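# Examination of the molecular architecture
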Amino acid sequence: MSLRVEREKKTDDEEATVKTSSPSTIEDEEADVADLPDGRDEAEEPAESNTADDSSESDDGDDEPKEDAEAGPEKPKTGLKDVIWAKLPKTRKVRVILLVVLLLLVGGGVGGYVWYDSQRLPDDAAFRVAGRTVTADQLSGVLETWRAMYGVQPPQDEATLGKFRKDSAKAYAVSLILQKAAQDRGIVIGDKVAQDALARLISQQLGEGTEAHDKFVQQLGNVGTSEPAVIGEIKQQLALSQLFDAVTKGSGDISEQEVKDAFATRKDQLGTPEQRKIGNIVVRTREEADQVIADLSHGAKFETVAQQRSIDTATRDKGGDLGALSRSQLQDDYGKAAFGAATGTVFGPVQNQFGWNVGRVDEVTAPVPATFEKVHDSLKQQLQMEKLLAVWRSWLGDQIKGAGVEYADEYRPDNPDAAPDVKPGESPVTGQQGAANPGRPSQGKPVPSR
């Protein structure tokens, strides 16, 4: 489809690539902070079981089946990713941590023939870190859990599949490094804490009782993962939040002058941009798109044509309504067409990897400039997080370099020593676009999605 927007929609075939690394308003960031559940106090509750027990349970997803590159069956509107992501800690801090954890490249390699020969990786290994060998099948199981929780999807073309495979191995290796670092600091999340957190997620999104739980488990099965694997991932993220706090403690002081200076340089990005309410129809071929335009020009009702012909099941029943979107929330070609059209006019067709799109601008909302008073608190929080993140990245880089990760040839990162500048909103795995909530990437549907 043609869009990269802030909320995921679904179709029968695949999931749409979306974009979230675009500039957002400071009000959006305030909403992110407000949505954080106060899970840290619970996570600090001493675990009754020992560290080894909890660690082994966190690996329950390792034996899950390999990722199926084919799109799964159509999910209910209350999808699994909505269930989990909507209520997991998702402030800018936690989401940025996830992105740094999963995107920072890790080191590996071998240091001499004799050493290599004596420490050779097994044939089925993806990598080894801290004496633990992770097989290709185990990595595949982890990816199934990430697909369920964050929408991580393998690309469909062979040209980028190899890089995705390497990035995924790298991401999991870093998560294991951080798991050990948390345990070394005595940070252990007990079973009950993680299970209670999951129970809250289910009740808030699907309701109370065994019926809601059974529906949740069924959705897990649809994406090839399991409840124990999700419990393990929740433990990992709660521990990671505590680890971030421990590493960055006392590093986020921001002066009033720094806030004023940042406002002066970022003012244009802090306001509310122009938004347009857009309708969209997605079809599979140029010929179909041309026929849609011809029918609309002869008086056919846009909403009726969308309901009859659009392959976007997420918007089809709403007459193609995508809602109000800013230019930065749209893919480049589609955004150029949409923001170049007059109100009430049809534009397109615009093609991308998801199909041929015919749109209509229904309403235009003028931009609203930012004021210092309105954005002061959120801007200060953002600056604090940037400073904390710099400390975290430096510490994490040292941990990775000291871990001595060994990769099988097929999984070794192209640039193992590089540390990219990870930005909020980018995907957990390099090469994918992030979804609306930065750590919840989405890919693949042949239709526009929000």
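The rules we used
Residues numbered from 1 in each chain as written. Predicted model: local features only at pLDDT ≥ 70, side-chain atom pairs only at ≥ 80, totals over all residues. Heavy atoms only, no water. Helix = DSSP H or I, 4+ residues; strand = E, 2+ residues; numbered from the N terminus. Expected span 1.5 Å × (residues − 1). Pairing = 2+ DSSP bridges. Axes fitted to C-alpha atoms, helices over the stretch in contact; angles between N-to-C directions. Contact = heavy atoms within 4.5 Å. Core = buried A, V, L, I, M, F, W, Y, C linked by side-chain atoms within 4.5 Å. Buried < 20%, exposed > 50% of the residue type's maximum accessible area, 1.4 Å probe, protein only. Domains from an automatic or database assignment.

By the naming in an unreviewed UniProt entry, the protein chain is Peptidyl-prolyl cis-trans isomerase C, taken from Amycolatopsis echigonensis.

Let us look at helix 8 (residues 158–184). For helix 8, spanning 27 residues, the distance from its first C-alpha to its last is 40 Å, which sits close to the expected 39 Å at 1.5 Å a residue. A positive phi of about 80° marks Gly186, the residue just after helix 8.

Taken together, the four strands give an open sheet; going across it, the order is 4-3-6-5, and neighbouring strands pair in antiparallel fashion. One side of each edge strand has no neighbouring strand; the edge strands of this open sheet are strand 4 (321–326) and strand 5 (346–352). On average, each strand axis in the sheet is tilted by 35° relative to the strand beside it, whichever way the strands run. Where strand 3 (residues 275–283) meets strand 6 (residues 355–365), nine bridges bridge the pair, whose relative direction is antiparallel. Among the inter-strand pairings, Val283 is bridged to a residue of strand 6, identified as Trp356. Contacting strand 3 and strand 6, helix 14 (residues 302–309) crosses the sheet at an angle of about 40° to strand 3.

For the rest of this paragraph, the subject is the nonpolar core. Within the largest apolar cluster, 57 residues are counted, with the highest numbers of intra-cluster contacts made by Phe127, Ile234, Leu243 and Trp392. Mapped onto this core, the elements with two or more residues apiece are strand 1 (125–129), helix 7 (136–150), helix 8, helix 9 (191–206), helix 10 (209–222), helix 11 (227–248) and helix 16 (372–403). Element by element, the count of residues in this core is highest for helix 8, at 12 residues. Looking at which domains feed residues into this core, each of domain 1 (120–186 + 251–270 + 370–414) and domain 2 (191–248) gives three or more.

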